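Analysis of the macromolecular model
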Amino acid sequence: DAKTTQPPSMDCAEGRAANLPCNHSTISGNEYVYWYRQIHSQGPQYIIHGLKNNETNEMASLIITEDRKSSTLILPHATLRDTAVYYCIVRVGDTGRRALTFGSGTRLQVQP
Amino acid sequence: DAGVTQSPTHLIKTRGQQVTLRCSPKSGHDTVSWYQQALGQGPQFIFQYYEEEERQRGNFPDRFSGHQFPNYSSELNVNALLLGDSALYLCASRAGTSGYEQYFGPGTRLTVT
């Protein structure tokens, strides 16, 4: 699975959009971009994933660049409950059962 | 519908002892994975079970072993505990045939003294 690079920490004001970047310059054509987050003292939680098109669900939007070498997770209106560590993971899509390879993630602190 | 459940919540053991952690997957899920998360780090994959067999394994020694039961629940066993085994142990389940998403339990906090 391709390696990802994320900033170690970010701050965001409550009610504003949080934009979390991820670099995955060695991504292969069959690898998807997944985002998980981990709120303190809880297990990781799936947020969203995509291959090459932008994706949106009730939690967030995922913007993948045209060359697929980087992506941005967008939380449109961050709340205090969005304070968490966010993990960007690149892996082959689920044609099989593959483990998730977590990096160090980005610690997002939403400020009141 | 209960999500992934793990027991116990917390556990304190002494070096050299053995420990068993338990996981019940989300209803309808047949694949269980175990992860170890040291303080301040991301989770690290230990192994994965489905159809009652270990299918993938991460870079962990043989002291870490597991089992999956016919009802899809799973156990993680760690022998000869070391201080470095102190961590949060996470269980994740997924629906085997079509589930792209892994659902994580709250974890078991193991402290080795």
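The notes below deal with the structure included here.

Another aspect to go through is the overall build of chain B. A tally of helices and strands in chain B yields zero helices and eleven strands. Taken from N to C terminus, the helices and strands of chain B fall in the order β-β-β-β-β-β-β-β-β-β-β. The C-alpha radius of gyration computed for chain B amounts to 13 Å, which stays within 12% of the reference 13 Å derived for 113 residues, consistent with globular compactness. Each principal axis of the C-alpha distribution contributes one length, and for chain B these read about 40 × 25 × 25 Å. Looking at chain B as a whole, 49% of its 113 residues qualify as buried. For chain B, the proportion of contacts with a sequence separation of at least 24, taken over those separated by at least 6, is 53%. Summed over all atoms, the accessible surface of chain B reaches about 5400 Å², with 47% contributed by carbon and sulfur.

Under the criterion given, the structure shown has eleven aromatic pairs over all chains. Members of the aromatic cluster, connected to one another through ring pairs, are A:Tyr36, A:Tyr46, A:Tyr87, A:Phe102, B:Tyr35, B:Phe45 and B:Phe104. Just above the ring of B:Tyr50 sits the side chain of B:Arg55; from NZ or CZ to the centre is 4.6 Å.

Here we come to the pairing of strand β3 (residues 31-38) of chain A. All names here are of chain A. In terms of burial, β3 is a largely internal element, seven of the eight residues being buried. The pairing of β3 with strand β8 (residues 84-92) spans eight bridges and is classified as antiparallel. If you follow Arg37 over to β8, its bridge partner there is Tyr86. Where β3 meets strand β4 (residues 45-50), five bridges bridge the pair, whose relative direction is antiparallel.

For the rest of this paragraph, the subject is the interface of chain A and chain B. On the chain B side, the residues contacting the 18 residues of chain A number 24 residues. Put simply, chain A and chain B have zero salt bridges between them. Linking chain A to chain B there are four residue pairs in polar contact (both at pLDDT 80 or more). Top element by residues in the side of chain A that touches chain B is β3(A). It accounts for three residues. Tallied by class, the residues present in the side of chain A that touches chain B amount to eight nonpolar, six polar and four charged.

Residues and elements named next belong to chain B. By the secondary structure assignment, Ser74 is in strand β8 (residues 74-78). The exposure class of Ser74 is buried, given its relative accessible area of 2%. Considering only alpha carbons, one finds Ser74 and Ser24, 50 residues apart in sequence, at a separation of 6.5 Å. With near-sequence residues (within four places) excluded, Ser74 lies in contact with Leu21, Arg22, Cys23, Val32, Trp34, His67, Gln68 and Phe69. For Ser74, the side chain forms a polar contact with the side chain of Trp34, separated by 2.9 Å. Of note is the side chain of Ser74, whose polar atom sits 2.9 Å from the backbone oxygen of His67.

Here is what the cut-offs are and how they apply
- Residues numbered from 1 in each chain as written.
- Chains lettered and ligands numbered in written order.
- Predicted model: local features only at pLDDT ≥ 70, side-chain atom pairs only at ≥ 80, totals over all residues.
- Heavy atoms only, no water.
- Helix = DSSP H or I, 4+ residues; strand = E, 2+ residues; numbered from the N terminus.
- Rg over C-alpha atoms; globule rule 2.2 N^0.38 Å.
- Buried < 20%, exposed > 50% of the residue type's maximum accessible area, 1.4 Å probe, protein only.
- Contact = heavy atoms within 4.5 Å.
- Areas by Shrake-Rupley, 256 points an atom, 1.4 Å probe, with all protein chains shown as cover.
- Phe/Tyr/Trp six-rings, centres within 6.5 Å; stacked < 30°, edge-to-face > 60°.
- Lys NZ or Arg CZ within 6 Å of the ring centre and 35° of its normal.
- Pairing = 2+ DSSP bridges.
- Salt bridge = Lys/Arg side-chain N within 4 Å of Asp/Glu carboxyl O.
- Polar contact = N/O pair within 3.5 Å; in protein donor to acceptor, adjacent residues only side chain to side chain.
- Nonpolar A, V, L, I, M, F, W, Y, C, P; charged D, E, K, R; others polar.

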